[in-house]
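Notes for the structure review
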Amino acid sequence: MTKAALSQSKLAIVGAGLMGRMLAVALAKRGAQVDIFDQTGPEAKQAAARIAAAMLAPLAESAITEDAVVQMGIYSLPRWKTLISELHIPVFFQQDGTIIVWHRQDSNEAERFTAHLHKNSLRNPRLANAQALDHEALQNIEPEVAERFNQGLYLPNEGQLDNRQLLDALVVELDLLSVNCHWHSPVSPESLRDLGTYKQVIDCRGLGAQADWNQSSKILRGVRGEVIRLYAPEVKLRRPTRLIHPRYPIYIAPKQNDIYVVGATEIESDDMSEMSVRSAMELLSAVYTVHSGFAEARILEMATQCRPTLQDNLPAIHIQKDKGKSDLMMINGLYRHGFMIAPAMLDCTLELILHGESKTALDLGLSITTEKSSLGVAACV
């Protein structure tokens, strides 16, 4: 589809979380008529993107994730600067690196982590080298952390943004671009395909698409994440800080106005119930060991959400073509890396829509499959 053809096309997006909103804005800017549907409202209260620290940390994540995700994270960092600069509403964005610290009893764990980062940096020259910090260097770069730690690591170039500011700013863009937003409108992609009025239907529902993905070759599951939002005016951390710990490694992401988002890794569960006492105690105890000022912090929110994850923990795009129906594009599996890789996923999707293929996806190792049901053919693009 050429840009001229796109400007005359009508497309539907189901799911107005992070990817749905970003894609609707991008398509509308290119002249498409876009309808977006979501079962909730513009506040995105049930979206995984709302319950996130929105850290953009490909080097830190390289210790626990696959190379394709790291490549997408590296690609996405400069794209975030451009995307945010084009918004009419300001969004907090920071790229001052990440601090890694650990307690003395966890030195062996820190050595393994450091060795893993070093190996990844050697294999991928686009990753910056982690810098070892003695107490003096730590004092200079993050003085309040140096009150309790004698050493650490500094991961340059990594960043973060404010996820909720971004979601709100994208709603403003949708309105300015005259995107037809159907809030509180649960619909199935199949019902929209059957209408025949859309050139393409794009499924961005995350876990809401679980049944549809589970009928294909990839199984979609939920992975539970838990975060606590704190108001801590006595703490003045400058950049995201991670604590290495064998049982409950945590991250602390400082936002504007003395707000801190604190979370851990993940729990293999699709349980969306409230946070347990054990989780709350472990998170709060760990964050207090990083900075004593958190003792007087106010708990603004304890939140849980399940992130959509495919069986290989990698994102994927699946395209379905059926004679007599609108084409269906399913985007899913962003897992815990949604914000880190979203611009890469966006650009790959736009290339697919405009050209029918994506060189960027090939370069980054993003899985794209196409199924032509009427012919019984499935192929990898």
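We now turn to the structure provided with this report. (Residues numbered from 1 in each chain as written. Predicted model: local features only at pLDDT ≥ 70, side-chain atom pairs only at ≥ 80, totals over all residues. Heavy atoms only, no water.)

Some words on the overall build of the chain
Within the chain, the regular secondary structure consists of 12 helices and 19 strands. The globule rule puts the C-alpha radius of gyration for 381 residues at 21 Å, and the 21 Å found for the chain is close to it. If you line up the chain on its principal axes, its C-alpha atoms span 65 × 40 × 35 Å. Burial analysis of the chain (381 residues in total) assigns 55% to the buried set. Long-range pairs, those at least 24 residues apart, make up 76% of the contacts in the chain between residues at least 6 apart in sequence. (Helix = DSSP H or I, 4+ residues; strand = E, 2+ residues; numbered from the N terminus. Rg over C-alpha atoms; globule rule 2.2 N^0.38 Å. Buried < 20%, exposed > 50% of the residue type's maximum accessible area, 1.4 Å probe, protein only. Contact = heavy atoms within 4.5 Å.)

Considering the packing of aromatic side chains
For the structure shown, the criterion picks out 1 aromatic pair. An angle of 85 degrees between the planes, with centres 5.4 Å apart, marks the rings of Y260 and F294 as edge-to-face. One end of the pair, Y260, is in strand β14 (residues 259-263); the other, F294, is in the loop between α10 (277-290) and β15 (298-310), with 34 residues separating them in the sequence. F294 matches Y260 in its accessibility class, with the two residues each being buried. Above the plane of the ring of Y288 lies R148, whose end atom (NZ or CZ) is 4.8 Å from the centre. (Phe/Tyr/Trp six-rings, centres within 6.5 Å; stacked < 30°, edge-to-face > 60°. Lys NZ or Arg CZ within 6 Å of the ring centre and 35° of its normal.)

Some thoughts on helix α2 (residues 18-29)
The end-to-end C-alpha distance of α2 is 17 Å, a good match for the 16 Å that 12 residues give at a rise of 1.5 Å each. Every buried residue of α2 is accounted for by L18, M19, G20, R21, M22, L23, A24, V25, A26, L27 and A28. (Expected span 1.5 Å × (residues − 1).)

Some words on the environment of F37
Structurally, F37 can be placed in strand β2 (residues 33-37). Once the C-alpha coordinates of F37 and V14 are considered, the two residues, 23 residues apart in sequence, prove to be 4.9 Å apart. Sequence-distant contacts of F37, defined by excluding residues within four places in its chain, comprise A12, I13, V14, G15, A16, H182, S185, V187, L192 and Y198.

With respect to the sheet that holds strand β3 (residues 55-56)
With antiparallel pairing, 3 strands are arranged side by side in an open sheet as β3-β8-β4. At either margin of the open sheet sits one strand with a lone partner, and together these are β3 and β4 (93-94). Where β4 meets strand β8 (residues 159-161), 2 bridges bridge the pair, whose relative direction is antiparallel. Among the inter-strand pairings, Q94 is bridged to a residue of β8, identified as Q160. (Pairing = 2+ DSSP bridges.)

Focus: the pairing of strand β5 (residues 98-102)
Judged by how many residues are buried, β5 sits mostly within the fold: 5 of 5 residues are covered. Residues T98, I100 and W102 of β5 are buried on one face, and the alternating residues I99 and V101, pointing to the opposite face, are buried as well. For β5 and strand β7 (residues 152-155), the ladder comprises 3 bridges, and the chain directions are antiparallel. Along β7, the bridge assignment pairs I100 with L153. Two elements, β5 and strand β12 (residues 241-244), share 4 bridges in a ladder whose sense is parallel. Looking across to β12, one finds that W102 is bridged to I244.

Describing the sheet that holds β14
Strand pairing within a sheet occurs via backbone hydrogen bonds; the two strands may be parallel or antiparallel. Spatial strand order, β6-β7-β5-β12-β13-β14-β11-β15: 8 strands in an open sheet with mixed pairing. Only two strands of the sheet have a single neighbouring strand rather than two, namely β6 (131-133) and β15. Strand-to-strand twist in this sheet, taken as the mean axis angle between neighbours without regard to direction, amounts to 25 degrees. Together, β11 (220-231), β12, β13 (250-254), β14 and β15 form the strand contacts of α10, whose direction differs from that of β11 by roughly 50 degrees. (Axes fitted to C-alpha atoms, helices over the stretch in contact; angles between N-to-C directions.)

So, unusual backbone geometry
With a phi angle near 65 degrees, N313 is a residue other than glycine that sits in the positive phi range. By secondary structure assignment, the location of N313 is in the loop between β15 and β16 (316-321). Of note in the backbone geometry, Y335 takes a positive phi value of approximately 55 degrees without being a glycine.

Section: the pairing of β11
By the criterion of burial, β11 is predominantly enclosed, with 10 of the 12 residues buried. Looking at chain direction, β11 and β15 are connected through 12 bridges and run antiparallel. What sits directly across from R221, in β15, is T309. Pairing of β11 with β14 involves 5 bridges; the strand directions are antiparallel. The partner of Y231 across the bridge, within β14, is I259.

Observations regarding the pattern of salt bridges
Taken as a whole and judged by the stated rule, the model has 20 salt bridges. A salt bridge links E61 to R242, with the shortest nitrogen-to-oxygen separation between them at 3.0 Å. In this pair, E61 sits in helix α3 (residues 58-61) while R242 sits in strand β12, placing the two residues 181 residues apart along the sequence. Between R205 and D203 there is a salt bridge, and its shortest N-O distance comes to 2.8 Å. Look at R205 and you get partly exposed, because its relative accessible area is 22%. A network of salt bridges, in which partner residues are shared, links E190, R193, D194, D322 and K325. (Salt bridge = Lys/Arg side-chain N within 4 Å of Asp/Glu carboxyl O.)

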